[in-house]
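Descriptive analysis of the structure
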Amino acid sequence: MTKRVRVLIIDDSASVRQTLSRVLEADPEIEVIGTASDPFMAARKIQDEIPDVITLDVEMPRMDGITFLRKLMAQRPIPVVMCSSLTEQGSETLLQALEAGAVDVILKPKIGAADHLAESGMRICEAVKSAAQARIIGRPRRASSQSGPATRLTADAVLPPPSGKAMAKTTEMVVCVGASTGGTEALRDFLERLPANSPGIVIVQHMPEKFTAAFAKRLNTLCEVEVKEAVDGDPVLRGHVLIAPGDHHMLLERQGARYHVSVRSGPLVSRHRPSVDVLFRSAARAAGSNAMGVIMTGMGDDGARGMAEMHDAGAYTLAQDEATAVVYGMPKEAVARGGVDKIVPLELVAHEILAADRRR
């Protein structure tokens, strides 16, 4: 039997601690070993038993979550998932948390909203289990476990499979990127290496609603390419990067020789919304050999099927290597399905994209 992921919940709200405990304990692969109302109480509990994962609130009495996170990463690195309310202001703070070493960001469950709780509960449990596998300095990763809820939709729920007819190459290439746990920092590293005249790029990063806008704005201040959160109908242009908005799928569509994105709602696909599989399948359908696919760090298999479909449609496909991935789950699954042309370290992803662009 696989060892359960042991979680410590840190939040100053008793109702949130209770709800999170209930959500996490409902997953047979997770065990809540304790809760704490502030970092000082949490520190005492950690001395007694070191958890596999910590869920951490941002605003708490006596010490804020970011300060505690930085101290924890410096003294005893443990995978941390930040747990926050849905606010624009809070999203800026959570980006600081990710830069400080947090593995992922989740939204606090809405107490009393049964429909929301079922879906958000799945996301919370997936984030915690993913964090348990994360590559944290000074801590080995746990063995992988891919079990979970039986109901799991594929990209068929959003759009039909590709027709199988490869599309002739045009003068422009569009790059489709998928990432999850560890992806925020991996994407920053990758995009900072690109020049202003890079091919158009569309990205799905598993991230909650609201936070993708702040993430895009942050990247736009750091990169030569223009980065923004995608809006339905946005064109895919050279030198521009579109990031799928949280809680919405993003599809690539073609009109004549030009590409644009469609942003739409829909069910969770591969347990995610936005889903990498949805983006990649749409690229296989709309772009064929004009597309390039890149799959980065993350747990699970979202994107593996879609990348195989892109590959079969003539696209050039890359996977981030295990050595540089925080969690080598999504790239590993894509390789196993035979959809990857080349495996490269993170620092060479931009180089490969530019080389492919020059070959055209």
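Considerations on the overall build of the protein chain
Assigned secondary structure in the protein chain consists of eleven helices and 14 strands. In the protein chain, which comprises 360 residues, the proportion classed as buried is 57%. If you take every contact in the protein chain between residues at least 6 apart in sequence, the share linking residues at least 24 apart comes to 73%. Accessible surface computed for the protein chain: about 14800 Å², of which carbon and sulfur atoms make up 50%.

Re the sheet that holds strand β9 (residues 240-243)
The strand order β8-β9-β7-β6-β12-β13-β14 describes an open sheet built from seven strands, whose pairing is parallel. Unpaired on one side and paired on the other, β8 (226-229) and β14 (342-344) mark the two borders of the sheet. Across the sheet, the axes of successive neighbouring strands diverge by a mean angle of 20°, strand direction being ignored.

A look at the side chain of Arg273
Structurally, Arg273 is set in the loop between β11 (258-264) and α8 (276-286). In terms of polar contacts, Arg273 uses its side chain to reach the side chain of Asp247, at 2.8 Å. From its side chain, Arg273 meets the backbone oxygen of Gly266 in a polar contact 2.8 Å long. If we ignore the near neighbours within four places in the chain, the residues touching Arg273 are Glu119, Arg123, Asp247, His248, His249, Gly266, Pro267 and Leu268.

Brief notes about the environment of Pro267
With respect to the helices and strands, Pro267 occurs in the loop between β11 and α8. Classification of Pro267 by relative accessible area gives partly exposed; the value is 32%. With 19 residues separating them in the primary sequence, Pro267 and His248 have C-alpha atoms 9.3 Å apart.

Points about helix α7 (residues 211-222)
Here α7 is twelve residues long and its end C-alpha atoms lie 17 Å apart, about the 16 Å a rise of 1.5 Å per residue gives. Along α7, the residues that are buried comprise Phe211, Thr212, Ala213, Ala214, Phe215, Ala216 and Leu219.

Quick word on unusual backbone geometry
The residue after Arg273, namely Pro274, is reached through a cis peptide bond having omega 10°. A positive phi angle is found at Ser270, which is not glycine, with a value near 55°. By secondary structure assignment, the location of Ser270 is in the loop between β11 and α8. Under the relative-accessibility criterion, Ser270 is labelled buried at 3%.

Quick word on the environment of Val276
Among the structural elements, Val276 can be located in helix α8. With 26 residues separating them along the chain, Val276 and Met250 place their C-alpha atoms 8.7 Å apart. The contact partners of Val276, leaving out residues within four places of it in the chain, are Gly178, Ala179, Val204, His206, Asp302, Gly303 and Met330.

Remarks on the sheet that holds strand β3 (residues 53-57)
Spatial ordering of the open sheet is given by β2-β1-β3-β4-β5, a layout of five strands whose pairing is parallel. Strands with a single pairing partner mark the edges of an open sheet, and in this sheet they are β2 (30-36) and β5 (104-107). Mean inter-strand twist for the sheet, computed between neighbouring axes without regard to direction, equals 25°. Examined bridge by bridge, strand β1 (residues 5-10) and β3 share four bridges and lie parallel to one another. Within the sheet, the bridge partner assigned to Ile9 lies in β3 and is Thr55.

Concerning helix α9 (residues 304-312)
The complete set of buried residues in α9 reads Ala304, Gly306, Met307, Ala308, Glu309 and Met310. Taken together, the buried residues of α9 touch β6 (174-179), α8, β12 (291-295), β13 (316-320) and α10 (330-336). Just downstream of α9 lies Gly314, where phi reads positive at about 105°.

Quick look at the packing of aromatic side chains
All chains considered together, the criterion is met by zero aromatic pairs. In this structure, Arg359 packs its charged tip against the face of Tyr316, placed 5.5 Å from the ring centre.

Analysis parameters
- Residues numbered from 1 in each chain as written.
- Predicted model: local features only at pLDDT ≥ 70, side-chain atom pairs only at ≥ 80, totals over all residues.
- Heavy atoms only, no water.
- Helix = DSSP H or I, 4+ residues; strand = E, 2+ residues; numbered from the N terminus.
- Buried < 20%, exposed > 50% of the residue type's maximum accessible area, 1.4 Å probe, protein only.
- Contact = heavy atoms within 4.5 Å.
- Areas by Shrake-Rupley, 256 points an atom, 1.4 Å probe, with all protein chains shown as cover.
- Pairing = 2+ DSSP bridges.
- Axes fitted to C-alpha atoms, helices over the stretch in contact; angles between N-to-C directions.
- Polar contact = N/O pair within 3.5 Å; in protein donor to acceptor, adjacent residues only side chain to side chain.
- Expected span 1.5 Å × (residues − 1).
- Phe/Tyr/Trp six-rings, centres within 6.5 Å; stacked < 30°, edge-to-face > 60°.
- Lys NZ or Arg CZ within 6 Å of the ring centre and 35° of its normal.

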